[in-house]
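Geometric and topological summary
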Amino acid sequence: MQIRKVGVVGLGTMGAGIAQISVQGGWETVGREVTPELGERGRATIERYLGRAVEKGRMSATDHDAALARLSLTTELADLAECDLVIEAVLEELPLKREVFAELSRVVRPDAILATNTSALSVSEIAEASERPERVVGMHFFNPAPVLPLVEIVRTPQSDDDAVEAAYAWAEAAGKQPVACNDTPGFIVNRILIPLLNDCVRVLDEADLDPADVDKAMTNGAGWPLGPCALLDLIGIDVHVHASEALHGKLGEERMAPPARLVEMQEQGRLGRKAGAGFYEY
Ligand SMILES: NC(=O)c1ccc[n+]([C@@H]2O[C@H](COP(=O)([O-])OP(=O)(O)OC[C@H]3O[C@@H](n4cnc5c(N)ncnc54)[C@H](O)[C@@H]3O)[C@@H](O)[C@H]2O)c1
């Protein structure tokens with residue numbers, strides 16, 4: 001099926017990035033936020049990032065203006081009725097996502113594709129709340145969405161083949177590197193990365209090391225582009241702890257549970273780059 005118009009529900013960190021990818025890729029895009037002020041904030045984020053691309057010579061001023069002109073804002077889910085693909089990026093709360101999918105499935109056309117950007121919830125459980133679970137897939141982008149190429153295209157047992165294929169094809173047309181996977185806890189990357197980062201943090205305490213030395217070891221010895229502590233600061237300690245708890249809840253393996261040090265950092269507000277302090281000061 002051809003995707004001509006895209007809806008993005010939630011223009012927070014991930015939603016604004018996804019909407020940016022969409023307008024840059026040439027699609028008319030409707031962004032839905034809960035208030036007009038939050039919508040404008042999302043638009044400002046997109047404008048800022050597109051502006052930087054112009055400054056760095058990666059985009060012309062004409063393309064910048066044309067991309068921004070493809071974005072419209074609304075506070076009503078009903079205004080997504082004309083969209084062929086709707087990507088949801090609201091808070092990681094199952095009841096909220098289920099509510100959004102129930103309403104979306106009532107307003108969009110029967111063949112529209114509904115995608116969730118959930119990191120750790122079950123796509124099937126979200127899909128079950130919609131009137132058309134066969135049109136629901138996961139599209140898991142990585143933060144920052146306009147920069148990181150991967151999109152995990154998550155198929156549930158109910159997903160139609162053509163919905164999965166269309167989501168995959170859209171991601172590719174938008175310049176991303178999609179990978180198809182199944183609706184298993186953590187999908188691919190988080191299933192591997194979350195326990196691995198937890199192990200790195202446990203080593204800090206077990207071996208009485210400095211974060212900078214663990215980072216130095218992993219960048220120089222394992223070829224990681226970023227050390228685990230720097231990466232956790234970038235992801236956000238709260239985001240990581242939440243995802244760890246979700247994965248631990250589903251798989252029950254001790255390695256999945258957030259180490260005490262990360263829980264303490266979260267309680268102290270040392271959330272990483274966005275808070276100005278985490279393992280490092282910013
Ligand atoms: N941040 C990441 O690193 C990352 C990476 C991949 C996927 N995700 C997933 O993306 C989703 C969004 O995460 P984020 O980091 O962009 O969060 P965020 O806090 O930046 O944005 C949350 C969005 O939810 C909206 N929202 C809040 N309450 C709402 C309500 N009652 N009804 C409708 N919308 C409401 C907000 O207005 C905002 O647009 C989550 O499912 C998260 O797991 C996050």
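Residues numbered from 1 in each chain as written. Predicted model: local features only at pLDDT ≥ 70, side-chain atom pairs only at ≥ 80, totals over all residues. Heavy atoms only, no water.

Some points on the side chain of Glu 33
Spelled out, the test is: Labels follow the DSSP assignment, with helices taken as runs of H or I lasting at least four residues and strands as runs of E lasting at least two, numbered in each case from the N terminus. The cut-offs for exposure are 20% and 50% of the maximum accessible area for each residue type, with area from a 1.4 Å probe on protein chains only; residues under the lower value are buried, those over the upper are exposed, and the others partly exposed. Counted charges follow a simple rule, with Lys and Arg positive, Asp and Glu negative, and His plus the chain ends left uncounted. For this analysis, a salt bridge means a side-chain nitrogen from Lys or Arg found within 4 Å of a carboxyl oxygen belonging to Asp or Glu. Contacts are residue-level and defined by heavy atoms, with any inter-residue pair within 4.5 Å sufficient.
For Glu 33, the position within the fold is in the loop between strand E2 (28–32) and helix H2 (36–55). One buried charge, Glu 33, has no salt-bridge partner; the nearest side chain with opposite charge is Arg 32, at 6.3 Å. When neighbours within four sequence positions are excluded, Glu 33 is seen to be in contact with Gly 10, Leu 11, Gly 12, Leu 38, Gly 39, Thr 74 and Thr 75.

Thoughts on the site of the ligand
Convention followed: Throughout, the term near means that a residue has one or more heavy atoms lying within 4 Å of the molecule or strand in question. Any pair of nitrogen or oxygen atoms within 3.5 Å is treated as a polar contact; in protein, a donor-acceptor pairing is required on top of that, and neighbouring residues in sequence qualify only through side-chain atoms on both sides. Reported accessibility uses the Shrake-Rupley method at a 1.4 Å probe radius. Residues are deemed covered only where the shown protein chains occlude them. Basically, the charged four are Asp, Glu, Lys and Arg, the nonpolar ten are Ala, Val, Leu, Ile, Met, Phe, Trp, Tyr, Cys and Pro, and anything else, Gly included, counts as polar.
Taken together, 21 residues surround the ligand, and among them Thr 13, Met 14, Glu 33, Glu 92 and Lys 97 come closest. Between Glu 92 and the ligand, the recorded distance is 2.6 Å, taken from a side-chain N or O atom to an oxygen atom. Taking Asn 117, its side chain carries an N or O atom lying 3.0 Å from an oxygen atom of the ligand. Considered on its own, the ligand offers 830 Å² of accessible surface; in the complex 76% of this is hidden by protein. Those elements giving two or more residues to the shell around the ligand turn out to be helix H1 (13–24), helix H4 (94–107) and strand E6 (136–141). Each residue belonging to the shell around the ligand can be placed in one class, and the counts come to nine nonpolar, eight polar and four charged.

A short note on the pattern of salt bridges
Under the counting rule described, the total for this entry stands at 15 salt bridges. Across the pair Asp 84 and Arg 4 runs a salt bridge, and its minimum N-O distance is 3.5 Å. Separated by 80 residues along the polypeptide, Asp 84 in the loop between strand E3 (71–74) and strand E4 (85–88) and Arg 4 in the segment before strand E1 (5–9) bring together distant segments of the chain. Since its relative accessible area comes to 2%, Asp 84 is described here as buried. Of the charged contacts in the structure, one is a salt bridge between Arg 255 and Asp 199, with a shortest N-O distance of 2.7 Å. Of this pair, Arg 255 sits in the loop between helix H10 (237–251) and helix H11 (260–267) while Asp 199 is found in helix H7 (residues 189–206), placing the two residues 56 residues apart along the sequence. By relative accessible area, Arg 255 is classed as partly exposed at 36%. By relative accessible area, Asp 199 is classed as partly exposed at 25%.

Let's talk about a negative patch on the surface
Condition: Patches in this entry comprise residues that are over 30% relatively accessible and not in a salt bridge; like charges within 9 Å are linked, as are nonpolar side chains (Val, Leu, Ile, Met, Phe, Trp, Tyr) within 5 Å. Taken as the charge centre is NZ of Lys, CZ of Arg, CG of Asp or CD of Glu, depending on the residue.
A cluster of acidic side chains, namely Glu 76, Asp 79, Glu 99 and Glu 103, defines a negative patch on the protein surface. With respect to the helices, strands and loops of the structure, Glu 76 is situated in the loop between E3 and E4.

Description of the sheet that holds E4
Selection criterion: A strand pair is defined by DSSP finding two or more bridges across the two strands. Every angle, taken between N-to-C directions, lies between 0 and 180 degrees, and every axis is a line fitted to C-alpha atoms, over only the stretch in contact when it is a helix.
Strand order in this open sheet of eight strands is E3-E2-E1-E4-E5-E6-E7-E8, and the pairing throughout is mixed. The two strands at the open ends of the sheet, each matched to only one other strand, are E3 and strand E8 (177–182). Across the sheet, the mean angle from the axis of one strand to that of its neighbour is 25°, orientation sign disregarded. Here five bridges tie E1 to E2, and the two strands are oriented parallel to one another. Its bridge partner being in E2, Val 9 is matched across the sheet by Arg 32.

Observations concerning H1
Using the following cut-off: A helix is expected to reach a length of 1.5 Å times the quantity of its residues less one.
Compared with an ideal rise of 1.5 Å per residue, which puts 12 residues at 16 Å, H1 spans 17 Å between its outermost C-alpha atoms and is within 8% of the ideal. Within H1, 10 of the 12 residues are buried, leaving the element largely enclosed by the surrounding structure. Among the residues of H1, Met 14, Gly 15, Ala 16, Gly 17, Ile 18, Ala 19, Gln 20, Ile 21, Ser 22 and Val 23 are the ones counted as buried.

Brief notes about the nonpolar core
The cut-off we apply is this: Only buried residues count toward a nonpolar core. Its members are Ala, Val, Leu, Ile, Met, Phe, Trp, Tyr and Cys residues joined through side-chain atoms within 4.5 Å.
If you look at the biggest cluster of nonpolar residues, it comprises 36 residues, and the most contacted ones within it are Ile 3, Leu 85, Ile 87, Val 137, Met 139, Phe 141 and Trp 170. Sequence-distant contacts of Met 139, defined by excluding residues within four places in its chain, comprise Leu 85, Ile 87, Ala 115, Thr 116, Asn 117, Val 151, Glu 152, Ile 153, Ala 167, Trp 170 and Ala 171. In this structure, Val 90, Ala 112, Val 154 and Cys 181 belong to the second largest nonpolar core, which totals 21 residues.

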